[in-house]
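Tertiary structure, described
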Amino acid sequence: MLQAFSILKSSVTSHRRSTESYVFYLHYRVTFLLLMFACLLISSRQFVGDKIKCLSGHHGDISVGLLDAYCWAASTYSVSSAYLKEAGIEVPHPGVGGSESSTEYTFRNYYQYIHIVLFFQALFFYLPHLIWKSTDNIYTNTLYSSIQACKEENNKPDKIKEPSFEIAASFIEERWGTHLFYGLQYIFCELLSIANLIVQSLLLNIFFNGEFLGLGYFYISHYNADRLKDPIRLFPLVTNCYFKKFGASGFVDTVDALCVLPVNALNVKIYLFMWAWFAFLFGLSICNLIHFSLAWFVPKYRVLPLKLKSIFFKKRMDQDSYIRVLTLGDFGDWFVLSCVKNNMDPLDFSRLTESIHYKLSNLGNETKEP
């Protein structure tokens with residue numbers, strides 16, 4: 001079974017040019033890997049063992065394998081009033097018991113679908129990245145090819161002049177002011193990842209009968225020292241199961257079985273972690289969205305990340321001209337420079353921005369001439 005986890009190795013070790021924010025990376029790469037890992041873990045008998053084991057008083061009449069298969073495929077149930085009684089004294093286990101009121105019975109059969117749900121969750125978290133990648137490759141392949149060509153030219157042994165990035169600077173300068181749609185496409189993918197996170201949380205809440213959104217709060221509020229005062233009812237470890245068969249008299253006989261669900265010991269940990277991770281990811285996503293909103297509406301804000309980066313430059317541009325490089329463009333131009341910055345050596349990026357500023361300044365002077 002350990003070989004199954006090797007399929008995730010390529011996703012962990014794969015490398016591509018960084019044109020996404022770290023928050024976007026957490027959505028499509030880290031969350032995707034976590035969900036796929038959980039899916040494989042739940043599907044593995046090596047780590048979970050038998051997902052259900054049932055016991056009834058009719059040992060000779062019912063096959064154990066038949067009872068296990070039926071209760072897993074049909075459903076198990078818990079009694080809400082049994083959670084209010086003391087386990088081991090009034091009831092054998094929390095939620096296990098009987099009641100004359102049918103409204104107290106809660107039937108659950110979603111355990112058999114959890115690995116499927118986790119798999120599709122992972123796919124939908126990866127979807128925004130696929131959309132962005134299809135758009136990103138069209139532009140960045142050409143841009144980074146020009147940058148690589150400049151690096152190869154600068155690394156030639158017979159190179160005497162100072163390293164230059166004229167080709168890449170010309171590529172960006174020729175398209176200066178036309179990158180807005182490119183930047184908007186990325187913002188759309190960021191918004192899509194946030195929407196996916198929200199929709200998945202709501203769908204999980206529906207899937208778990210309205211208990212997912214409050215799962216973490218319930219755990220924290222009921223946690224007392226070494227154990228839970230009240231067990232998490234969403235994933236009970238011990239439940240009941242009804243099995244109907246014909247008895248010796250020819251009438252239908254109802255067998256009440258006691259079932260243990262070892263898989264729920266893992267499910268509860270997975271979804272508690274998922275609840276906390278989703279909350280953390282949502283908070284970061286909102287902060288990231290505010291960052292891009294400020295970059296859109298406040299042009300001076302766009303300079304701050306590049307200013308922080310520029311303190312590491314061995315040779316820096318004049319601050320005023322450095323600011324003018326960005327103020328001459330729009331949000332899309334800022335976004336392209338930010339992507340280039342994340343994939344270049346600081347000194348090389350300084351030379352590139354110097355070339356861009358020089359070309360834009362010359363272009364501005366030419367347009368002013370009569």
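What counts, and where the lines are drawn
Residues numbered from 1 in each chain as written. Predicted model: local features only at pLDDT ≥ 70, side-chain atom pairs only at ≥ 80, totals over all residues. Heavy atoms only, no water. UniProt positions renumbered as here; feature names shortened; annotations may be inferred. Disulfide = S-S within 2.5 Å. Helix = DSSP H or I, 4+ residues; strand = E, 2+ residues; numbered from the N terminus. Buried < 20%, exposed > 50% of the residue type's maximum accessible area, 1.4 Å probe, protein only. Pairing = 2+ DSSP bridges. Salt bridge = Lys/Arg side-chain N within 4 Å of Asp/Glu carboxyl O. Polar contact = N/O pair within 3.5 Å; in protein donor to acceptor, adjacent residues only side chain to side chain. Contact = heavy atoms within 4.5 Å. Axes fitted to C-alpha atoms, helices over the stretch in contact; angles between N-to-C directions. Parallel < 35°, antiparallel > 145°, perpendicular 65-115°, else oblique. Left-handed = near helix turned anticlockwise from the far one by under 90°. Nonpolar A, V, L, I, M, F, W, Y, C, P; charged D, E, K, R; others polar. Phe/Tyr/Trp six-rings, centres within 6.5 Å; stacked < 30°, edge-to-face > 60°.

The name recorded for the protein in an unreviewed UniProt entry is Innexin, from Argiope bruennichi. Comment text from UniProt for the protein, heading Sequence similarities (unreviewed entry), reads "Belongs to the pannexin family." In its Function (unreviewed entry) section, UniProt records this for the protein: "Structural component of the gap junctions."

Our focus in this paragraph is the state of the cysteines. In this structure the tally under the stated criterion is two disulfides. Residue pairing for Cys-54: its cysteine sulfur links by disulfide to Cys-259, the two sulfurs lying 2.1 Å apart. Classification of the bridge connecting Cys-54 and Cys-259 rests on its S-S torsion, roughly 105°, and on that basis the disulfide is right-handed. Taken together, the residues span a long stretch of sequence, with Cys-54 in strand E1 (residues 53–55) and Cys-259 in strand E7 (residues 252–260) at a distance of 205 residues. A residue is classified by how much of its surface remains accessible, and Cys-54, at 8% relative accessible area, is buried. A relative accessible area of 0% means that Cys-259 is categorised as buried. Between Cys-71 and Cys-241 runs a disulfide, and the two sulfur atoms are separated by 2.1 Å. Handedness of the Cys-71-Cys-241 disulfide follows from its S-S torsion of about -95°: it is left-handed. Here the residue Cys-71 occupies a position in helix H4 (residues 64–73), and Cys-241 occupies one in strand E6 (residues 238–246), the gap between them amounting to 170 residues. Overall, Cys-241 belongs to the buried group, its relative accessible area being 0%.

The subject of this paragraph is unusual backbone geometry. Even without glycine at this site, Asn-209 takes up a positive phi of about 60°. Following the sequence through the fold, Asn-209 ends up in the loop between helix H7 (180–207) and helix H8 (215–221).

A separate point is the UniProt feature "transmembrane region" (unreviewed entry) in the protein. What UniProt calls "transmembrane region" (unreviewed entry) maps, in this numbering, to residues 21–43, 110–127 and 270–298. End C-alpha atoms of residues 110–127 are separated by 25 Å, and the span's content is 78% helix alongside 0% strand. Between the end C-alpha atoms of residues 270–298 there is a gap of 41 Å, over a span that is 97% helix and 0% strand.

Our next topic: the pairing of strand E2 (residues 76–79). The side-chain alternation of E2 yields two buried faces, one formed by Thr-76 and Ser-78 and the other by Tyr-77 and Val-79. With four bridges connecting them, E2 and strand E3 (residues 105–108) associate as antiparallel partners. Bridge pairing links Tyr-77 to Phe-107 in E3.

Moving on, we come to the pattern of salt bridges. Taken as a whole, this structure holds two salt bridges when the rule is applied. One salt bridge in this structure joins Asp-68 and Lys-53, with 3.8 Å as the shortest N-O distance. Of the two residues, Asp-68 is situated in helix H4 and Lys-53 in strand E1; the sequence distance between them amounts to 15 residues. The class of Asp-68 is buried, set by a relative accessible area of 10%. By relative accessible area, Lys-53 is classed as partly exposed at 39%. The partner of Glu-211 in a salt bridge is Arg-108, with the nearest N and O atoms 3.9 Å apart.

Looking now at the side chain of Thr-76. Structurally, the position occupied by Thr-76 is in strand E2. A residue is classified by how much of its surface remains accessible, and Thr-76, at 3% relative accessible area, is buried. Only 3.4 Å separates the side chain of Thr-76 from the side chain of Thr-239, close enough to count as a polar contact. Ignoring any residue separated from it by four or fewer positions in sequence, one finds Thr-76 in contact with Ile-52, Cys-71, Thr-106, Phe-107, Arg-108, Tyr-111, Thr-239, Asn-240, Cys-241 and Leu-261.

Our focus in this paragraph is the environment of Lys-53. A sequence separation of 207 residues divides Lys-53 from Val-260, and the C-alpha atoms of the two residues are 5.2 Å apart. Among all residues touching Lys-53, those that are not within four sequence positions of it are Val-64, Asp-68, Leu-258, Cys-259 and Val-260.

This part takes up the packing of helix H9 (residues 263–297) against helix H12 (residues 331–341). Where H9 contacts H12, the axes come no closer than 9 Å and their chain directions differ by 125°. Here H9 is positioned oblique relative to H12, judged by the angle of their axes. Of the two elements, H9 crosses H12, and the hand of that crossing is right-handed. Where H9 abuts H12, its residues His-291, Phe-292, Ala-295 and Trp-296 lie against Phe-331, Trp-334 and Phe-335. Partitioned by chemical class, the residues of the contact of H9 with H12 number six nonpolar, one polar and no charged.

Using the criterion set out here, one finds 36 aromatic pairs in the structure. An angle of 80° between the planes, with centres 5.0 Å apart, marks the rings of Tyr-70 and Phe-243 as edge-to-face. Here Tyr-70 is found in helix H4, whereas its partner Phe-243 is found in strand E6, with 173 residues between them in sequence. Overall, the relative accessible area of 10% leaves Phe-243 in the buried class. Judged by centre distance (6.5 Å) and plane angle (65°), the ring pair of Trp-296 and Phe-297 falls under edge-to-face. Among the residues examined, Phe-297 registers a relative accessible area of 64% and is labelled exposed.

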